[in-house]
Amino acid sequence: MTAIEAPTASLREVAELSHAWPFEEARKIVARLKRPKDEVIFETGYGPSGLPHIGTFGEVARTAMVRHAFRVLTQDKVKTRLIAFSDDMDGLRKVPDNIPNKELVAQHLGKPLTRVPDPFGTHDSFAAHNNARLRAFLDQFGFDYEFMSSTACYTSGRFDDALLKVLQHFEQVMEVMLPSLREERAQTYSPFLPIDPASGIVLQVPVVEHDAKAGTITYEHPDRGERVTTLVTGGRCKLQWKPDWAMRWVALGVDYEMAGKDLIDSVKLSGEICRTLGGAPPEGFNYELFLDENGQKISKSKGNGLTIEEWLRYASPESLSLFMYREPKAAKRLYFDVIPRHVDEYLQFLDAYPRQGLKEKLGNPVWHVHNGAPPASDNPVPFAMLLSLVTASNAANAETLWGFITRYRPGVTPSTHPRLAALVEYAINYYRDFVAPAKKFRAPSAAERAALLDLRDALAQLEAQPRPEAIQEVVYEIGRREPFLDKSGKIKTKDGKPGVSLDWFNMLYQVLLGQEKGPRFGSFVAAYGVANTIAMIDDALARSA
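Residues numbered from 1 in each chain as written. Predicted model: local features only at pLDDT ≥ 70, side-chain atom pairs only at ≥ 80, totals over all residues. Heavy atoms only, no water.

Chemist: Got a minute to help me understand the overall build of the protein in this structure?
Modeler: Assigned secondary structure in the protein consists of 24 helices and 13 strands. Based on the C-alpha atoms only, the size of the protein along its principal axes is roughly 95 × 60 × 45 Å. Scored against the burial criterion, the 545 residues of the protein give a buried share of 52%. Pairs at least 24 apart in sequence give 67% of the contacts found in the protein among residues at least 6 apart. Accessible surface, the protein as shown: approximately 25,000 Å² in total, 50% of it carbon and sulfur. With 66 positive and 69 negative side-chain charges, the protein shows a separation of 3 Å between the mean positions of the two kinds. (Helix = DSSP H or I, 4+ residues; strand = E, 2+ residues; numbered from the N terminus. Buried < 20%, exposed > 50% of the residue type's maximum accessible area, 1.4 Å probe, protein only. Contact = heavy atoms within 4.5 Å. Areas by Shrake-Rupley, 256 points an atom, 1.4 Å probe, with all protein chains shown as cover. Lys, Arg positive; Asp, Glu negative; His and termini not counted. Charge placed at Lys NZ, Arg CZ, Asp CG, Glu CD.)

In structure tokens:
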């Protein structure tokens, strides 16, 4: 039973006070519904001029979280729909960098994306290919959505009434748009873009006449120089994208749509046009952009940053949803090194969930990731531990890694813990692709070398199969020396002994494993084995002798 199905008024009452951002957004939509409405429309937009990227997923995931929060606040008494809208009638302006057969696509610049051949050779058009990719990964994540095509809406007549309304308010729309344009652009600007029936190109031409009663515009053909009159309906014209956005809000009755921070001005202009057409702009917010490893905005046409497929090779879908949930209004670096942290933080949030009260549960990201019904936590080994075990052993297969896991957690097998089995495969993939090629062992200093020798001897004196806590205490005792003593005074110990700085533990991972960070070292040794750890220390000392 999901949170929505549970007959608890207290859930709604607590949700109304929750500071979790999906509830804050959902309350804006509730306040919008001063007049009864049969259904609330949530929308996300996608431009299929390039392959879908992870930012597209993020917008759908976040909107779905707001939709679920709204359903809780309204106790599902208001019907909701989520429309994933594809702007596939836009003219192709440039050839993307990350596609094959660029020469083929280059011959069709300016045409609607649904009239550009598919460079991959699998679909009727480039738009159809990208739309299929979009729907495939949305389906993979189980989103409840309705796909909608701009081309289908224009050519079927679904947008006709709204287009005629734009034509009736032609001058007012121009008054909104012209101040935002450069002087040269303003001289030729028109909200309507006729589609040349001969070439199929979306024409960027000024409109010399418009007739609201006839439903037509007249323009001067750029090649033939003659005046052409055409209906604005039936897919013969499309709108410039800001008026198009506003028209779509009106035509579809959109109540909520978020957008990237780079579109703040566009949202304002489209909102003004929407009001001009007699509509109410949707609620929403502007999220920060995703950046690649160089701090550059990720782009569909460049193909920089991570793809959905890449993230899912190294981590669970839930960890990706957690990444999207957290701090949507803060710019975030979206690269491979963010993956391990989000895997383990997802597991930590999931583990904490059963112990929390209702207020804390609604603020826990896993409540929003799983639509109010998080699964039981059953993962006994952190992802960071798996990565360190793979790194230490150079494990080439899952069987080797499971040998360490069963030593650390007897009775845990792939069949008893299938989610852990998936994490094992993720860890091996991540190690092969990123850790192994970049592994660099730091040579220890004289003081570090002496400490490692003492650690080796202390570990050798432990009983067979010691508890992780006993190992950790040994590690702490050896670390209570210069230069590893805590100088900040912030580390407090229960027995009053000196605290140990993170430099000690960082050194262990850098010298022994060739990585910057790692899991709790005592737990790692318990899983890897004391004898194996002693051999690893011997190898590190011999390597740096």
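Having seen the structure, we can now continue with the description.
Chemist: Just checking my understanding: could you explain unusual backbone geometry for this structure?
Modeler: Negative phi characterises most residues that are not glycine, and trans characterises most peptide bonds. Here the amide bond leading from Glu 482 into Pro 483 is cis, since omega sits at 5°, within 30 degrees of zero. Even without being glycine, Gln 75 reaches a positive phi, approximately 55°. For Gln 75, the location among the structural elements is in the loop between α3 (54–73) and β2 (79–86). A relative accessible area of 33% means that Gln 75 is categorised as partly exposed. Unlike most non-glycine residues, Glu 327 shows phi in positive territory, near 45°. Tracing the backbone shows Glu 327 in the loop between α13 (317–325) and β13 (332–333). Taking relative accessible area as the criterion, Glu 327 reaches 57% and is therefore assigned exposed.

Chemist: Please explain the sheet that holds strand β5 (residues 207–211) as it appears in this structure.
Modeler: Within a sheet, each strand pairs with its neighbour through backbone hydrogen bonds, oriented either parallel or antiparallel. One open sheet holds the three strands; their spatial order is β5-β6-β7, and the pairing between them is antiparallel. The open sheet has two free edges, formed respectively by β5 and β7 (227–231), since each of these has just one partner strand. Here the strands of the sheet are splayed against their neighbours by 20° on average, with no regard to which way each runs. Summarising the sheet, β5 and strand β6 (residues 216–220) pair through four bridges and their orientation is antiparallel. Note on β6: the bridge partner recorded for Val 207 is Tyr 219. (Pairing = 2+ DSSP bridges. Axes fitted to C-alpha atoms, helices over the stretch in contact; angles between N-to-C directions.)

Chemist: Just checking my understanding: could you explain the sheet that holds β2 for this structure?
Modeler: Spatially, β3-β2-β1-β9 is the arrangement adopted by the four strands of the open sheet, whose pairing is parallel. In this open sheet, the two strands that pair with only one neighbour each are β3 (146–149) and β9 (254–256). Neighbour-to-neighbour, the strand axes of the sheet open up by a mean angle of 45°, direction not taken into account. Bridging between strand β1 (residues 39–46) and β2 involves eight bridges; their strand directions are parallel. Across the sheet, the residue bridging to Glu 43 is Ile 83, located in β2. On top of the sheet, helix α2 (residues 21–32) reaches β1 and β9; it is set at about 140° to β9, its chief contact. Helix α10 (residues 241–252) rests against β1, β2, β3 and β9 of the sheet, and its axis sits at about 150° to β1.

Chemist: Just to check I follow, could you spell out the pattern of salt bridges for this structure?
Modeler: Pairing of side chains with opposite charge becomes possible as their charged atoms draw close. Applying the stated criterion across every chain, the model contains 33 salt bridges. Lys 238 is the partner of Asp 90 in a salt bridge, and the nearest nitrogen-oxygen pair spans 3.2 Å. With Asp 90 in the loop between β2 and α4 (102–106) and Lys 238 in strand β8 (residues 237–239), the pair connects residues that are 148 residues apart, well separated along the chain. Classification of Asp 90 as partly exposed rests on a relative accessible area of 25%. Glu 473 is the salt-bridge partner of Arg 480, the closest N and O atoms lying 3.7 Å from each other. Overall, the relative accessible area of 18% leaves Arg 480 in the buried class. For Glu 473, a relative accessible area of 34% translates into the label partly exposed. Salt bridges here are not isolated pairs; linked through shared partners, they connect Glu 43, Asp 87, Asp 244, Arg 248 and Glu 257. (Salt bridge = Lys/Arg side-chain N within 4 Å of Asp/Glu carboxyl O.)

Chemist: Explain the nonpolar core here, please?
Modeler: Inside soluble globular proteins, nonpolar side chains tend to come together where they are buried. With 117 residues, the main nonpolar core has Trp 311, Leu 386, Leu 455, Trp 504, Leu 508, Phe 521 and Phe 524 as its most contacted residues. Of all the elements, α3 adds the most residues to this core, at eleven residues. Those residues within four positions of Trp 504 in sequence are excluded, and the remaining contacts are Ala 451, Leu 455, Val 475, Ile 478, Gly 479 and Phe 484. Of all hydrophobic cores here, the second largest spans 38 residues; its members include Val 166, Val 176, Ile 195 and Ala 259. (Core = buried A, V, L, I, M, F, W, Y, C linked by side-chain atoms within 4.5 Å.)

Chemist: Before we go on, may I ask you to explain the environment of Ala 246 in this structure?
Modeler: Along the chain, Ala 246 falls in helix α10. Here the alpha-carbon distance between Ala 246 and Arg 81, two residues 165 residues apart in the chain, equals 19 Å. Excluding its chain neighbours within four sequence positions, the residues that come into contact with Ala 246 are Ser 270, Ile 273 and Cys 274.

Chemist: Looking at this model, I keep getting lost on the packing of helix α8 (residues 170–177) against helix α11 (residues 264–276). Mind explaining?
Modeler: Two quantities define a packed helix pair, namely the angle between the helix axes and the distance between the axes. Where α8 contacts α11, the two axes come as close as 10 Å, and the packing angle between them is 160°. Considered as vectors, α8 and α11 are oriented roughly antiparallel to each other. You can see that α8 and α11 cross each other, and the crossing is right-handed. Contact residues: α8 offers Gln 172, Val 173, Val 176 and Met 177, while α11 offers Leu 269, Glu 272, Ile 273 and Thr 276. (Parallel < 35°, antiparallel > 145°, perpendicular 65-115°, else oblique. Left-handed = near helix turned anticlockwise from the far one by under 90°.)

Chemist: Whenever I open this one, the side chain of Ser 316 confuses me. Can you help?
Modeler: With respect to the helices and strands, Ser 316 occurs in the loop between α12 (308–314) and α13. Overall, the relative accessible area of 11% leaves Ser 316 in the buried class. Setting aside residues no more than four positions away along its own chain, Ser 316 makes contact with Trp 311 and Tyr 426.

Chemist: Just checking my understanding: could you explain the side chain of Ser 125 for this structure?
Modeler: Relative to the elements of secondary structure, Ser 125 occurs in the loop between α4 and α5 (126–140). With relative accessibility at 5%, the residue Ser 125 sits in the buried group. Here the side chain of Ser 125 touches Ala 128 through a polar contact of 3.0 Å, landing on its backbone nitrogen. Those residues in contact with Ser 125, other than ones at most four positions away along the chain, are Leu 113, Thr 114, Arg 115, Val 116, Pro 117 and Asp 118. (Polar contact = N/O pair within 3.5 Å; in protein donor to acceptor, adjacent residues only side chain to side chain.)

Chemist: Is there a simple way to think about helix α22 (residues 502–512) in this case?
Modeler: For the α-helix, the turn length of 3.6 residues means that residues three or four positions removed from each other point alike. With nine of eleven residues buried, α22 is to be regarded as a mostly interior element. For α22, the full list of buried residues reads Trp 504, Phe 505, Asn 506, Met 507, Leu 508, Tyr 509, Gln 510, Val 511 and Leu 512. Buried residues along α22 sit in contact with α17 (383–393), α20 (446–460), α21 (468–479), α23 (521–528) and α24 (530–543). Count one or two residues on from α22 and you reach Gly 514, which has phi positive near 70°.

As far as function goes, none of this settles anything; it's purely spatial.
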